[in-house]
Amino acid sequence: MIKVIKFGLKAIPPFFKINTYSSVFVLVDENSRKHCLPLLVPYLPGHQIIQIKSGEKHKTLTSCEFIWASLLKKHADRNSLLINLGGGVITDIGAFCASVFMRGVDFVNVPTSLLAMTDAAVGGKTGVDFLNFKNMIGTFSEPKLLCIDPEFLKTLPQKQMLSASAEIFKHALLQNKKEVKKHLENPFVQATEAEILRQIKNSNRFKWSVVSKDSMDKNIRQQLNLGHTIAHALESYFIAFKKPLLHGEAVALGLVGEAFIAHCFYNLSYECFLNIVYWYDLNFKKPELKELNFNTLLKWMQKDKKNINSELQLVLLEKEGSVTMNNVVSHSQLKLALKFLVDF
Ligand SMILES: NC(=O)c1ccc[n+]([C@@H]2O[C@H](COP(=O)([O-])OP(=O)(O)OC[C@H]3O[C@@H](n4cnc5c(N)ncnc54)[C@H](O)[C@@H]3O)[C@@H](O)[C@H]2O)c1
Ligand SMILES: [Zn+2]
C-alpha cells in the first residue's frame, strides 16, 4: 500500500500537475453537492458531476449501475478519474465503482464526514450492501490520493459528528492508555476545532498503521472489529424495528457490551471497563433498549462475517492498546452482556 494521505484541499492542484486524465468525474450525494462541492470546485480542472441519493439504503448495486451508466454516457474511458466527495457511503460505493469500471480506473477520496475522514475512506476497503448484508460485494482498492479537509465538517450534523466519535474512541482504546485518558478528560461534544483536528490525524494515522500491515484483513486488521459484533446486531435489530441507530451509536454500545464480557470472563481490568462505561455516559444518551429481544439479537450476531463454523468469535480488549482475537463467546455470556446494556 502506498501512502497517499494529504491534509487540505490545496493538495489537489499539485496532484493534477503530476497526473493527467482524459476526463474527471465527481461523485456526490445531494448533501455533499450542496455543502462540499462549492469548496472543492476552485481546486479542480474541468469536470462532470454524478449525483446519487444520500444514505445507506442507496449503497447498492442499483446505484452502481446508475454510476457506471452515467460514466459511459459522459464518455469516460480507462484514463478517466473519479473523485468521491462525501461521507462513507460515497467513498465506499465510488471506490468500488471505480475499481471495477473498465477493469479499474483511478479514483481520489475526498471524505466530508468525520467517520469517512477517520475510518471509511482509509484502508482500501470498497463495497456495497447486498440482500440486506452490509458490504457484501466489494474489492480492496487504494485511491490515488486521500485528501482530508476538516473545513467540510462545519456543515456536518452534530449527531453524525458524535456518532463518528465512537470509532475514534475505539482507535484510542486500541492505541494506549494516554490516548484513552484524553477522551475521558474531554467529552467529545466540548472538543475544540484544534482537538478534533488532532483526533482526525491521530485516528487516521492509527488506522493506516494497522491496515498497512494487513491490507487484506487476514489477521491484525481484525482488531478494528472491536465492539462491532454487538454493534452490527444492534444496528440490524433497530433497522428491522424502524428506529435506526447510526453506526457509531451502535458501536458505542458495542464497546460497552463487549468490555463487559472482556471484564467478566476474560482479563480486562475493572478500572478500564468502568472507564469505557464512563466515556459512554459522558458523550451519549442511551436509546430505549427495554424491549430488546435477546434471541433475535443472537441470530443477527450469528451472521457476523468473523464467525467460523457458526461459533461466535469476538475481538476483546485485554487492556488499553492490546486485544485478543478469535475469543469464542457463549450465548449465555452474550445474553448477560446484552442484559447489562439494557440496565446500565
Ligand atoms: N470501507 C471501510 O473501511 C469503512 C469503514 C467504516 C465505515 N464504512 C462505511 O461508511 C458508511 C458510513 O459513513 P458516514 O457515516 O459518513 O455516512 P454517510 O455517507 O451516509 O454520511 C452521513 C450523512 O451526512 C451527509 N454528509 C456527509 N458529509 C457532509 C457534510 N460535510 N455536510 C453535511 N452533510 C454531510 C451525508 O449526505 C449523509 O446524509 C457506511 O456505509 C459504512 O459501511 C466503511
Ligand atoms: Zn465501524
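Residues numbered from 1 in each chain as written. Chains lettered and ligands numbered in written order. Predicted model: local features only at pLDDT ≥ 70, side-chain atom pairs only at ≥ 80, totals over all residues.

**Here's the deal with the site of ligand 1**
Taken together, 30 residues are adjacent to ligand 1, and Asn 31, Gly 87, Gly 88, Val 89 and Ser 113 come closest. Those elements that place two or more of their residues in the shell around ligand 1 are α2 (30-35), α5 (88-100), α6 (114-120) and β7 (133-137). (Near = placed C-beta within 6 Å. Helix = DSSP H or I, 4+ residues; strand = E, 2+ residues; numbered from the N terminus.)

**Overview of helix α7 (residues 158-175)**
Here α7 spans 25 Å end to end across 18 residues, near enough to the 26 Å set by a 1.5 Å rise per residue. With respect to burial, α7 is a largely interior element, 13 of its 18 residues being buried. (Expected span 1.5 Å × (residues − 1). Buried ≥ 20, exposed ≤ 12 C-beta atoms within 10 Å, placed from the backbone.)

**Some points on the pairing of strand β4 (residues 80-86)**
When you tally the buried positions in β4, you get seven out of seven residues, the bulk of the element. A two-sided burial pattern is seen for β4, the buried positions comprising Ser 80, Leu 82, Asn 84 and Gly 86 on one face and Leu 81, Ile 83 and Leu 85 on the other. Where strand β2 (residues 23-29) and β4 come together, five bridges link them in parallel fashion. Of the residues in β4, the one forming a bridge with Val 26 is Ile 83. Pairing of β4 with strand β5 (residues 106-111), which is carried by six bridges, proceeds in the parallel orientation. Considered in β5, the bridge of Leu 81 is made with Asp 106. (Pairing = 2+ DSSP bridges.)

**Focus: unusual backbone geometry**
Positive phi outside glycine occurs at Asp 217, with the angle close to 65°. Take Asp 217: it is sitting in the loop between α9 (193-211) and α10 (228-240). The residue Asn 326 is not glycine, and still its phi comes out positive at about 55°. A count of 13 C-beta atoms within 10 Å places Asn 326 in the partly exposed class.

**Quick notes on the pairing of strand β10 (residues 322-328)**
Here strand β9 (residues 313-319) runs beside β10; their pairing, made up of five bridges, is antiparallel. Paired with Leu 317 across the strands is Val 323, a residue of β10. The antiparallel hairpin formed by β9 and β10 contains two residues in its connecting segment, where Gly 321 sits at a positive phi of about 85°.

**With respect to the sheet that holds strand β8 (residues 145-148)**
Across the sheet, which stays open at both edges, the six strands sit in the order β1-β8-β5-β4-β2-β3 with parallel pairing between neighbours. Each of the sheet's edge strands pairs with one partner strand only, and the pair in question is β1 (5-7) and β3 (48-52). Each strand of the sheet is rotated relative to its neighbour by a mean of 20°, with strand direction disregarded. (Axes fitted to C-alpha atoms, helices over the stretch in contact; angles between N-to-C directions.)

**Notes on the domain arrangement of the chain**
Each domain of the chain was delimited in the assignment, giving domain 1 (5-155) and domain 2 (158-186 + 214-343). Taking only C-alpha atoms into account, the centre of domain 1 sits 29 Å from that of domain 2. Listed by partner, the interface residues are eight residues for domain 1 and nine residues for domain 2. Taken together, the residues that form the side of domain 1 that touches domain 2 break down as four nonpolar, three polar and one charged. (Domains from an automatic or database assignment. Contact = placed C-beta atoms within 7 Å. Nonpolar A, V, L, I, M, F, W, Y, C, P; charged D, E, K, R; others polar.)

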